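The residues making up each chain are set out below.
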Amino acid sequence: MNQLVDSFQRVHTNLRISVTDRCNIRCFYCMPAENVVFMQKSHLLTFEEIERTVRIAVSLGVNKIRLTGGEPLVRQDLHKLIGKLSHIEGIQDLGLTTNGILLAEQARQLHDAGLSRLNISLDALDPKLFREVTRRDGYENVIAGIEAAQQVGFERIKINAVSVRNLTESQIVPFGHFSRESNVEIRFIEFMPLDADNAWEREKVLFAHEIIKTLSEEIMPLIPTDEDSPESPATGFQFADGVGRIGFISSVSQPFCMSCNRFRLTADGKLRNCLFSLEEADIKSLLRGDGTDAEIRQAMLDSIAAKKEGHEINTARFIQPDRPMYSIGG
Ligand code: SF4
């Protein structure tokens, strides 16, 4: 089997698929507050086109799929796509990253369709701060979504919490307790330069080591765990008494690019070999034209072969991609 191996010998087995750029909230580290121009529906890949692309990717060794957005649950009948993908032989892990606003009403459908993993983006356990970060209401919906997901049988749910200096420090300890009381893993994510307003500054990044210090002093020491796979972007910990798991995705302070196994498909059919890639490869025209599977396969191989060593956030060479986070997907 041909594999998706880049010039640094990284084998790519994890495809993240954005199914829409639309979202029902406006997180400041991702979207502009107002006047967002979304893609037209006709420009989005259909479920059949996504399924075909995944089958081709599986033939190249991909075995893990994560659906993202924008907010994937605003895409109509998403459970039907999950049903299609969960029946593809070779897919070992089918996950979704959601903001949880629509999760309570869709949790059963998603679970029954074959979704295996859930990551829920939530940056605050305080409705007021939630509103400040997302510029929309909906905090209670997210909490209800987490509960509904646990009730229908989702296990190992992860909460992705973006940490921003002088904004979310007050949430560190409450999230620590939340991980211990509700059996969900909290993953603190360092703020990354992918915001639509280009307002990212290094001074606004709350680093993982600072959060570890606060949790260890305010609750109890954190012990490293080795539960996460080597390719996982997260570094895992648990509290010393074994109750509560905490993870860190430290793209800025501890880049993990040398173990990266991920690439992305945007909602409008562009392959991105890295979250911060400045180049994209269009496969929609192949999918909609008379492109063959072999041509699409070659486009994937070429995209990965051209992958750079990693992001250059910590260098003077860094250029923020034109495409903002909400139309790339987490
Ligand atoms: S920045 Fe790019 S290379 Fe680095 S881990 Fe993320 S996707 Fe992989």
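Everything below is about the structure printed above this text.
Below, the structure is looked at part by part. (Residues numbered from 1 in each chain as written. Predicted model: local features only at pLDDT ≥ 70, side-chain atom pairs only at ≥ 80, totals over all residues. Heavy atoms only, no water.)

1. Structural notes on the side chain of Arg16
Working step 1: Here Arg16 lies in strand S1 (residues 14-18).
Working step 2: With no salt bridge to any partner, buried Arg16 finds its closest opposite charge in Asp93, at an N-O distance of 9.5 Å. (Helix = DSSP H or I, 4+ residues; strand = E, 2+ residues; numbered from the N terminus. Buried < 20%, exposed > 50% of the residue type's maximum accessible area, 1.4 Å probe, protein only. Lys, Arg positive; Asp, Glu negative; His and termini not counted. Salt bridge = Lys/Arg side-chain N within 4 Å of Asp/Glu carboxyl O.)

2. Details of the packing of helix H1 (residues 47-58) against helix H9 (residues 293-305)
Working step 1: The N-to-C vectors of H1 and H9 enclose an angle of 65°; their axes lie 10 Å apart at closest approach. As summarised for this structure, H1 and H9 are arranged roughly perpendicular, according to the angle between their axes. For the element pair H1 and H9, the recorded crossing hand is right-handed. Counted together, Arg52, Thr53, Ile56 and Ala57 of H1 and Asp293, Ile296, Arg297 and Met300 of H9 form the full contact between these two elements.
Working step 2: The class makeup of the residues in the contact of H1 with H9 is 4 nonpolar, 1 polar and 3 charged. (Axes fitted to C-alpha atoms, helices over the stretch in contact; angles between N-to-C directions. Parallel < 35°, antiparallel > 145°, perpendicular 65-115°, else oblique. Left-handed = near helix turned anticlockwise from the far one by under 90°. Contact = heavy atoms within 4.5 Å. Nonpolar A, V, L, I, M, F, W, Y, C, P; charged D, E, K, R; others polar.)

3. Description of unusual backbone geometry
Working step 1: Going from Gly69 to Gly70, the amide bond is cis rather than trans, its omega being 0°.
Working step 2: Position of Gly70 relative to the elements: it lies in the loop between strand S2 (64-68) and helix H2 (78-86).
Working step 3: Phi is positive for Asn166, close to 60°, though the residue is something other than glycine.
Working step 4: The class of Asn166 is exposed, set by a relative accessible area of 69%.
Working step 5: Notably, Asn183 is not glycine yet its phi reads approximately 55°, a positive angle.
Working step 6: Here Asn183 lies in the loop between helix H6 (172-181) and strand S6 (185-190).
Working step 7: On the accessibility criterion, Asn183 (55% relative accessible area) is exposed.

4. With respect to the packing of aromatic side chains
Working step 1: Under the definition given, this model contains 8 aromatic pairs.
Working step 2: Where Phe28 meets Phe191, the ring centres are 6.1 Å apart and the plane angle is 70°; that geometry is what we call edge-to-face. With Phe28 in the loop between S1 and H1 and Phe191 in the loop between S6 and helix H7 (208-218), this pair connects stretches of sequence that are 163 residues apart.
Working step 3: Phe28 gets classed as partly exposed once you look at its relative accessible area, which sits at 23%.
Working step 4: Their ring planes at 70° and their centres at 5.8 Å tell us that Phe276 and Phe318 sit as a pair that is edge-to-face. Taken together, the residues span a long stretch of sequence, with Phe276 in the loop between strand S11 (270-272) and strand S12 (281-282) and Phe318 in the segment after H9 at a distance of 42 residues.
Working step 5: Taken together through their ring pairs, the aromatic side chains of Phe175, Phe188, Phe237 and Phe248 make up a single cluster.
Working step 6: In this arrangement the basic side chain of Arg180 is found over the ring face of Phe239, its NZ or CZ atom lying 5.2 Å from the centre. (Phe/Tyr/Trp six-rings, centres within 6.5 Å; stacked < 30°, edge-to-face > 60°. Lys NZ or Arg CZ within 6 Å of the ring centre and 35° of its normal.)

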